[in-house]
Structures are given as C-alpha cells and as structure tokens.
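# Commentary on secondary and tertiary structure
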Amino acid sequence: MIQYALVCHKGHEFESWFQNSAAYDKQVKRGLVTCPICNSAKVEKTIMAPRLAGAKKRGVAPAPVPAPAPEAAAPAQAAPAPVAMMSPQEREFRTKLKELREHLTKNADYVGQKFPEEARKMHYGEIEHRSIYGEATPDQAKELNEEGIEFHPLPVLPDERN
Ligand SMILES: [Zn+2]
C-alpha cells in the first residue's frame, strides 16, 4: 500500500491509498480518483513524497481500501464513484459528518450570504441570538474572526449526491 498526497485542478488537497504506483496511474487515468471536496477527477500528485504503509509507524496498519468495482459492474458513462476509494472507517466518519451537518442545519436558520452581516448584528447585540448558518468568503470569515465573532465551518461531505 502506498499513500499519495493529491491535489485536484481546483487546488483541494487530499490523500488516498493505492495498492502501488501502477494502480494509482490506472485509477487516475480511468477517472476513479476524485477530489472529496469538489468531486473533480482531474487530480494529480502533489510534490510531497509518497509515504509507504508501515514504513515508519509500525503497528498502525492502514485501513484496507476496497478494490475498485469490476469494470463490468460500472456503467461506462457513469461518474466515478468516490465511495469505492473509502475504507469502512472513512464511510463511518462520513456518516457522522452528515449527522453533524444535519443537526447543525436543522436547528439553525439559513441566512445564505447574509451570514457575516447577521453574525455581526448578533455579536454587537443589534438582534437576538439564534442559530444561523450560511455562507462566508474566506475574507469575510477572516474579518469575523478578527472581530472575535465565533463561528465554525460546516462540515463538507465527500459526496453530496447521497
Ligand atoms: Zn477539488
């Protein structure tokens, strides 16, 4: 097993395990390796050196990665399924993320891009406190942070289609 640090064409960085470098080449070529953030299949290795399983941390076995689905089972035109690259642990983690996200969004008002404005009003006592969620640009997030306004990014699911 070999772990590669990968980056998609949008610059998201992530890591994935492969049987060997040939398996990596083959899977990337077939579009089976996708970015967990934006689902892009345009991925490549970052310059970081690959780590070999068990080379340093003895006793910490890497999670087994299920083999990609056999070709016959995969419809030719279907989008690559990121779930094929997930270990059971990762799947469980994903489920937890989803639960957390659902809990957060169920108990909060969606304010969209007004998030920074609303968060600020609450912080400065202009409106009553309530749970909200929405969107903020990295710059807005930085400003809110600098003003001491506490907020958290919503967890992003590796695959939003389910
Ligand atoms: Zn991406």
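Sequence order as written defines the numbering, with residues in each chain counted from 1. Where totals are concerned, whole chains, interfaces and linings use all residues; where local detail is concerned, this predicted model gives features only for residues with pLDDT of at least 70, and gives and counts side-chain atom pairs only at 80 or more. The basis for every side-chain value is the complete set of heavy atoms in the structure, and neither hydrogens nor water enter the calculation.

### Some points on the overall build of the chain
The condition is simple: Strands here mean DSSP runs of E at least two residues long; helices mean DSSP runs of H or I at least four residues long; both are numbered from the N terminus. Burial classification: accessible surface area is computed with a 1.4 Å probe over protein chains only, and a residue below 20% of its type maximum counts as buried, one above 50% as exposed, and the rest as partly exposed. Every residue pair with non-hydrogen atoms within 4.5 Å of one another is taken to be in contact. Each accessible area value is a Shrake-Rupley result obtained with a 1.4 Å probe; residue values ignore everything except the protein chains displayed when judging cover.
For the chain, the helix and strand inventory stands at 4 helices and 6 strands. Element order for the chain, N to C, with α for helix and β for strand: β-β-α-β-β-α-β-α-β-α. Each of the 162 residues in the chain was classed as buried or not, and the buried ones make up 27%. Looking at the chain alone, contacts between residues at least 24 apart form 52% of all its contacts between residues at least 6 apart. As presented, the chain carries roughly 11,300 Å² of accessible surface, and 54% of it is formed by carbon and sulfur atoms.

### Overview of the coordination of the zinc ion
Geometrically, a metal with four donors at the corners of a regular tetrahedron has ideal angles of 109.5 degrees, and one with six donors at the corners of a regular octahedron has ideal angles of 90 or 180 degrees. Inclusion rule: Donors, by definition, are the N, O and S atoms found within 2.8 Å of a metal, the threshold being 3.2 Å for Na, K and Ca, and water is not counted, so a site can look incomplete. For four-coordinate sites, all angles between 85 and 135 degrees define a tetrahedron; for four- and six-coordinate sites, opposite donors beyond 155 degrees with the remaining angles between 65 and 115 define square planar and octahedral shapes respectively, and all other cases count as irregular.
Donor atoms from the polypeptide that coordinate the zinc ion comprise Cys 8 (SG), His 12 (ND1), Cys 35 (SG) and Cys 38 (SG), at 1.9 to 2.3 Å from the metal. Considering all 4 donor atoms around the zinc ion, angles at the metal cover 106 to 114° and the coordination shape is tetrahedral. Here the donor residues for the zinc ion map to a single chain with the spacing C-x3-H-x22-C-x2-C. With a relative accessible area of 23%, Cys 38 lands in the partly exposed category.

### Re the packing of aromatic side chains
We count it as follows: Centre distance within 6.5 Å is the pairing criterion for rings of Phe, Tyr and Trp, where only the six-membered ring of Trp is used; planes under 30 degrees apart are then read as stacked, over 60 as edge-to-face, and the remainder as tilted. Throughout this description, the term charge over a ring refers to an Arg CZ or Lys NZ atom that lies within 6 Å of the ring centre and within 35 degrees of the ring normal.
With the rule as written, the count across this model stands at 4 aromatic pairs. Counting every residue linked through ring pairs, the aromatic cluster contains Tyr 4, Phe 18 and Tyr 24. Looking at Lys 45, its charged tip hangs above the ring of Tyr 4, at a distance of 4.3 Å from the centre.

### Focus on the environment of Cys 38
Mapped onto the elements, Cys 38 comes out in the loop between helix H1 (21–29) and strand E3 (43–45). Distance in space between the C-alpha atoms of Cys 38 and Val 156 is 9.7 Å, their sequence separation being 118 residues. Contacts of Cys 38, omitting those with residues within four sequence positions, involve Cys 8, Lys 10 and His 12.

### Digging into the nonpolar core
Convention followed: To form a nonpolar core, buried Ala, Val, Leu, Ile, Met, Phe, Trp, Tyr and Cys residues must be joined to one another through side-chain atoms within 4.5 Å.
Ile 2, Tyr 4, Leu 6, Cys 8, Phe 14, Phe 18, Tyr 24, Val 33, Cys 35 and Val 43 form the largest nonpolar core, which has 10 residues in total. For this core, the secondary-structure elements that each account for two or more residues are strand E1 (2–8) and strand E2 (13–18). With near-sequence residues (within four places) excluded, Tyr 24 lies in contact with Tyr 4, Leu 6, Phe 18, Val 43, Glu 44 and Lys 45.

### Examining the pairing of strand E5 (residues 109–112)
Where we set the bar: Whether two strands pair comes down to DSSP finding at least two bridges between them. Here is how to tell: hold the view so the strands point away, follow the path from the first strand over the helix to the second, and if it runs clockwise the crossover is right-handed.
Relative to strand E6 (residues 132–134), E5 runs parallel, the two sharing 3 bridges. Looking at the pairing, Asp 109 lines up with Ile 132 of E6. With helix H3 (residues 115–123) bridging E5 and its parallel neighbour E6, the resulting β-α-β unit is right-handed.

### Examining the pairing of E2
Of the two faces of E2, the one holding Phe 14, Ser 16 and Phe 18 is buried and the one holding Glu 13, Glu 15 and Trp 17 is not buried anywhere. The antiparallel pairing of E1 with E2 creates a hairpin that spans 4 residues between the two strands, and Gly 11 there sits at a positive phi of about 95°.

### Quick look at the confidence of the model for the chain
The condition is simple: pLDDT is a residue-level measure of predictor confidence that goes from 0 to 100.
Summarising the model, the chain shows a mean pLDDT of 79, and 72% of its residues fall at 70 or more. Within the chain, the lowest mean pLDDT, 58, falls on strand E4 (residues 51–52), and the highest, 94, falls on H1.

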